[in-house]
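Structure assessment
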Amino acid sequence: MEYVLAVDIGGTKLAAAPVDSDGGVGEVRTRATPARKGAPSVITAVIALCREVVATMPDDDLRAVGVGAAGVVDVPRGRVVSSTDTLSGWAGTPLRDLLADGLHAALGIRVPLHVQNDADAHLLGEAWTGVAAGVADVLLVAIGTGVGASVLIGGAVHRGAHHVAGEFGHIPIAGAQGLYCPCGREGHLEALASGTGLHRRYQQLGGDPSVADARGVVARSNGGDAMARAALQDAGAALGRGIAASLTMLDPDLVVLTGGFVSVGGSWLDAVRNTVEAQVITPLAHTPLLVGSLGGHAPLVGAAASAWQLTEETT
Ligand SMILES: [Zn+2]
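Let me begin by describing the structure that accompanies this report. (Residues numbered from 1 in each chain as written. Predicted model: local features only at pLDDT ≥ 70, side-chain atom pairs only at ≥ 80, totals over all residues. Heavy atoms only, no water.)

Some details on the environment of Ala214
The residue Ala214 is located in helix H6 (residues 214-222) in this model. A residue is classified by how much of its surface remains accessible, and Ala214, at 17% relative accessible area, is buried. Taking the C-alpha atoms as reference points, Ala214 and Gly195, 19 residues apart in sequence, are found 5.1 Å from one another. Setting aside residues no more than four positions away along its own chain, Ala214 makes contact with Gly195, Leu198 and His199. (Helix = DSSP H or I, 4+ residues; strand = E, 2+ residues; numbered from the N terminus. Buried < 20%, exposed > 50% of the residue type's maximum accessible area, 1.4 Å probe, protein only. Contact = heavy atoms within 4.5 Å.)

What follows is the structure, encoded as structure tokens:
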């Protein structure tokens, strides 16, 4: 059976899987991203992962490769334009060419290769087989270690004049003044609403210094720690302010929330929804805010969607 190879290059994890022409995802293989070792090490790790996936599949059925990658990506040129410091040395990487050469050297294959930002891949996945299937105008917000977003307008991802559209984490936002953002500036939404921001906020409020990360803050909140609850409330409200601003600009049919953070649910999700409802004008107040249905598979499904589209364009 023909398939495309879908790859997700995240700041902490790499994933790859075969995806069929109906969006069905085969066995997903993962490994840690060598995020501190520079782009060549990341490429080498991706090629090794691709080799593992291809080895499990019948020969000659691979039609294309689709990649969703962290960072701002120039899709026509297949290059990483800029990146936060989550991946060292990532900005400027000619990702598509390096992967094409690496796959050829390691596996002897030459197939069409599509590279895009991971949040855009995430949105295309949810818009193909997930919660946004068939919906024309969608805002997707992915909340994890960082905060990303993607915008679907009329069924197509809107990438903008500088490939930056949807870089939602870097919206200047009230409450984030003086807080460092991984992009190198201060005062951005990601500094408050991300997992990293949540942990910092908890410590600022006087939380237990032995709590090491956002996961720990969520666990403390569930255990009744008032400062952890307040930090989660602040992170949710910051996200809600960003979504309210974006809804006002875009007026989408639907907002999809996804990423590692959405499993927190509860009071955090209430804070997001309540803030959005309180801050947008009345016609926007009931825009649905839904949690994505594909979870961690979404970027793979979306990367595959673009890869399948590429096979149609090149045949
Ligand atoms: Zn920023």
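So, next bit.
Here we look at the pairing of strand S8 (residues 138-143)
Counting buried residues along S8, six of its six residues qualify, which places the element largely inside the surrounding structure. As judged from the six bridges shared by S8 and strand S9 (residues 147-153), these two strands associate in the antiparallel manner. Looking at S9, one finds that Val138 is bridged to Leu152. Hairpin geometry of S8 and S9 is characterised by an intervening segment of three residues between the two adjacent antiparallel strands. (Pairing = 2+ DSSP bridges.)

What about a nonpolar patch on the surface?
Taken together, Ile153, Met249 and Leu250 make up a surface patch of nonpolar side chains, about 310 Å² in accessible area. Checked against the element boundaries, Leu250 lands in helix H7 (residues 226-250). Taking the relative accessible area as the measure of exposure, Leu250 reaches 33% and is therefore partly exposed. (Patch = residues over 30% accessible without salt bridge, like charges linked within 9 Å, V, L, I, M, F, W, Y side chains within 5 Å. Areas by Shrake-Rupley, 256 points an atom, 1.4 Å probe, with all protein chains shown as cover. Salt bridge = Lys/Arg side-chain N within 4 Å of Asp/Glu carboxyl O.)

Some points on the side chain of Thr33
Residue position: Thr33 is located in the loop between strand S3 (29-32) and helix H1 (39-55). Looking at Thr33, the relative accessible area reads 10%, which means it is buried. At 3.0 Å, the side chain of Thr33 and the backbone nitrogen of Lys13 are in polar contact. (Polar contact = N/O pair within 3.5 Å; in protein donor to acceptor, adjacent residues only side chain to side chain.)

Some points on unusual backbone geometry
The phi torsion at His163 lies on the positive side, around 70°, for a residue other than glycine. Of note in this structure, Asp251 is not a glycine but carries a positive phi near 45°. Among the residues examined, Asp251 registers a relative accessible area of 49% and is labelled partly exposed.

Points about empty space enclosed by the protein
A full pass over the atoms with the stated rule returns one cavity of 30 Å³ or more. By volume, the largest cavity amounts to about 80 Å³. Taken together, Val72, Val73, Val75, Asn117, Asp120, Ala149, Arg159, His163, Ala165, Gly166 and Glu167 form the lining of the largest cavity. Residues of the lining of the largest cavity, tallied by class, amount to five nonpolar, three polar and three charged. (1 Å grid on protein atoms, 1.4 Å probe; cavity = no way out; pocket = protein on both sides within 12 Å on 5 of 7 lines; lining within 4 Å. Points joined across faces, edges and corners; volume = space filled by probe spheres on them. Nonpolar A, V, L, I, M, F, W, Y, C, P; charged D, E, K, R; others polar.)

Description of the coordination of the zinc ion
Taken together, His170 (ND1), Cys181 (SG), Cys183 (SG) and His188 (ND1) make up the full set of protein donors to the zinc ion, lying 2.0 to 2.3 Å away. Along the chain, the residues donating to the zinc ion are arranged with the sequence spacing H-x10-C-x1-C-x4-H. Remark: Cys181 occurs in the loop between strand S10 (156-157) and helix H4 (190-193) and His170 occurs in the loop between S10 and H4; sequence separation between them is 11 residues. Like His170, the residue Cys181 is buried in the burial classification. (Donors = N, O, S within 2.8 Å, 3.2 Å for Na, K, Ca; no water.)

Considering the pattern of salt bridges
Two side chains of opposite charge can pair, provided their charged atoms sit close to one another. Scanning the entire structure with this criterion turns up 10 salt bridges. When the shortest N-O distance is used, the salt bridge between Glu52 and Arg29 registers 3.3 Å. Here the residue Glu52 occupies a position in helix H1, and Arg29 occupies one in strand S3, the gap between them amounting to 23 residues. On the basis of relative accessibility, which here comes to 29%, the residue Glu52 falls in the partly exposed class.

Comments concerning the packing of aromatic side chains
Within the structure shown, the criterion is met by one aromatic pair. Seen from their ring centres, Phe261 and Trp268 are 5.0 Å apart, and the 35° between their planes marks the pair as tilted. Here the two residues Phe261 and Trp268 agree in accessibility, since each one is buried. (Phe/Tyr/Trp six-rings, centres within 6.5 Å; stacked < 30°, edge-to-face > 60°.)

Concerning H1
When the terminal C-alpha atoms of H1 are compared, their 24 Å separation across 17 residues agrees well with the 24 Å that a helix rising 1.5 Å per residue should span. Looking at H1, one finds that the buried residues are Ala39, Val42, Ile43, Ala45, Val46, Ile47, Leu49, Cys50, Val53 and Val54. Where H1 is buried, its residues meet strand S1 (3-9), strand S2 (13-19), S3, strand S4 (62-69) and helix H2 (95-107). (Expected span 1.5 Å × (residues − 1).)

Points about the sheet that holds S8
Sheet architecture is open: five strands sit in the order S10-S9-S8-S11-S12, paired in mixed fashion. Looking at strand neighbours, the two that pair on one side only are S10 and strand S12 (289-291), the edges of this open sheet. Note that strand S11 (residues 254-258) and S12 share three bridges and pair parallel. Paired with Val256 across the two strands is Leu290, which belongs to S12.

Some details on the packing of H1 against H2
Contact geometry of H1 with H2 gives a least axis separation of 10 Å together with a crossing angle of 50°. For the element pair H1 / H2, the angle class is oblique. Where H1 crosses over H2, the two elements pack in a sense that is right-handed. Touching Ile43, Val46, Ile47, Cys50, Arg51 and Val54 of H1 are Leu95, Leu98, Leu99, Gly102, Leu103, Ala106 and Leu107, all from H2. Its residues assigned to classes, the contact of H1 with H2 shows 11 nonpolar, one polar and one charged. (Axes fitted to C-alpha atoms, helices over the stretch in contact; angles between N-to-C directions. Parallel < 35°, antiparallel > 145°, perpendicular 65-115°, else oblique. Left-handed = near helix turned anticlockwise from the far one by under 90°.)

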